[in-house]
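Survey of secondary and tertiary structure
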Amino acid sequence: MKKINVITIDGPSASGKGALARGIANKFDFNILDSGVLYRLYAYLSKMSFSPDEIANQIEGYVEFKKNKEKLLVSYKTTDITSQLRSEIIAKSASEHSSKKEVREALFNIQRNFYDGGGLVADGRDMGTVVFKDAKLKIFLTASPEERAKRRFIELQNLGQEVNMPALIADIEQRDKKDSSRKLSPLLPAEDAHIIDSSNMKLDEVFSLAEKLINKEFK
Ligand code: C5P
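Described in the following lines is the structure provided in the data block. (Residues numbered from 1 in each chain as written. Predicted model: local features only at pLDDT ≥ 70, side-chain atom pairs only at ≥ 80, totals over all residues. Heavy atoms only, no water.)

**Quick word on unusual backbone geometry**
Note: most peptide bonds trans; most residues except glycine with negative phi. The criterion, for reference: Helical segments are the DSSP runs of H or I of at least four residues, strand segments are the runs of E of at least two, and each set is numbered from the N terminus. Whether a residue is buried, partly exposed or exposed follows from its accessible area with a 1.4 Å probe, protein chains only, as a fraction of its type maximum: under 20%, in between, or over 50%, in that order.
A positive phi angle is found at Ala14, which is not glycine, with a value near 60 degrees. Take Ala14: it is sitting in the loop between β1 (4–10) and α1 (17–28). Given a relative accessible area of 11%, Ala14 falls into the buried group. In this structure, Ser49 is a non-glycine residue whose phi angle is positive, near 60 degrees. Within the secondary structure, Ser49 sits in the loop between α2 (35–46) and α3 (52–62). Given a relative accessible area of 65%, Ser49 falls into the exposed group.

Right, dumping it as structure tokens:
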């Protein structure tokens, strides 16, 4: 298989995939695809009674992504919806929609189209196993559920959202179980993925490890 200039980062929710992807995109000047945001957008737009294909068209026609150092900003028809998309209600709904074949199919080409021949870092659940099987470097980033709940707690607090820690841990565990046990594109490391358990690692330690892998694969 011909390998393309893509780094995939898959893993469970709040494992630090987004932060690592942004760090890589900034340092190596790669484009970025946060595929979870597409599933969150799907959940957001499905409330407006669009069909799966119409949702794909809405995303392609009216959604804009802008990255700054800390986060990816998302707007729909010029309204910033970043913080709405980050809510746990949308996350839950995204997880429910994501097990449906028609939803995964509607989003497949949009994800593939993020690759324009230049460098791309793509994070999600099935980037290395389905969408970019031909990626040059695959990382599977994980951490314990408690550690991930702590990280999500801080993220949601920074967005000014109210959070209850026990409910958050329960939500995260339930979503992981659903994502790992579904038939289509379950959350699994690709056979050729490098697995990083970041439970006891700081972001800069994870980043240095990833940097070594990138320098080796993208020489
Ligand atoms: O990563 P994030 O928490 O934003 O993803 C939201 C939901 O979207 C996940 O719980 C998962 O069900 C779904 N998803 C997916 N495949 C991806 C990315 C996200 O099924 N590649």
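**A few points about the site of the ligand**
Just so we agree on the cut-off: The rule for a residue being near a molecule or strand is that one of its heavy atoms must lie within 4 Å of it. Nitrogen and oxygen atoms within 3.5 Å of one another constitute a polar contact, given that in protein one can donate a hydrogen and the other can accept it, and given that sequence-neighbouring residues count only through two side-chain atoms. Residue-level accessible areas treat just the shown protein chains as cover; the underlying method is Shrake-Rupley with a 1.4 Å probe.
Surveying the vicinity of the ligand reveals 16 residues, the closest of which are Arg40, Arg125, Asp126, Arg175 and Asp179. Between the ligand and Asp179, the relevant distance is 2.7 Å, taken from an oxygen atom to a side-chain nitrogen or oxygen of the residue. Relative to its unbound accessible surface of 460 Å², the ligand loses 98% to contact with the protein. If you list the elements that add at least two residues to the shell around the ligand, you get α2, α5 (88–97) and α9 (165–181). It is α2 that provides the largest number of residues to the shell around the ligand, a total of four residues.

**Things to note about the side chain of Thr8**
Using the following cut-off: Residue contacts are counted whenever heavy atoms from the two residues lie within 4.5 Å of one another.
Looking at where Thr8 falls in the secondary structure, it is placed in strand β1. Under the relative-accessibility criterion, Thr8 is labelled buried at 0%. When sequence neighbours within four positions are dropped, the list of residues in contact with Thr8 reads Ala122, Met127, Gly128, Phe132, Ala135, Leu137, Lys138 and Ile139.

**Some remarks on the packing of α5 against α9**
Quick note on the threshold: Helix axes use the C-alpha atoms of the stretch in contact, all axes being lines fitted to C-alpha atoms, and the angles between their N-to-C directions lie in the range 0 to 180 degrees. Under this scheme an angle from 65 to 115 degrees is roughly perpendicular, one under 35 degrees roughly parallel, and one over 145 degrees roughly antiparallel; angles in between are oblique. By convention, the crossing between two helices is left-handed when the near helix turns anticlockwise from the far helix through less than a right angle, and right-handed when the turn is clockwise.
Running from N to C, α5 and α9 cross one another at 15 degrees; their axes reach a closest spacing of 10 Å. Looking at the two axes, α5 sits roughly parallel to α9. When you trace α5 past α9, the crossing you get is left-handed. Contact with α5, carried on its side by Glu88, Ala91, Lys92, Ser95 and Glu96, involves Leu168, Asp171, Gln174, Arg175, Lys178 and Asp179 of α9 and no other residues of that element.

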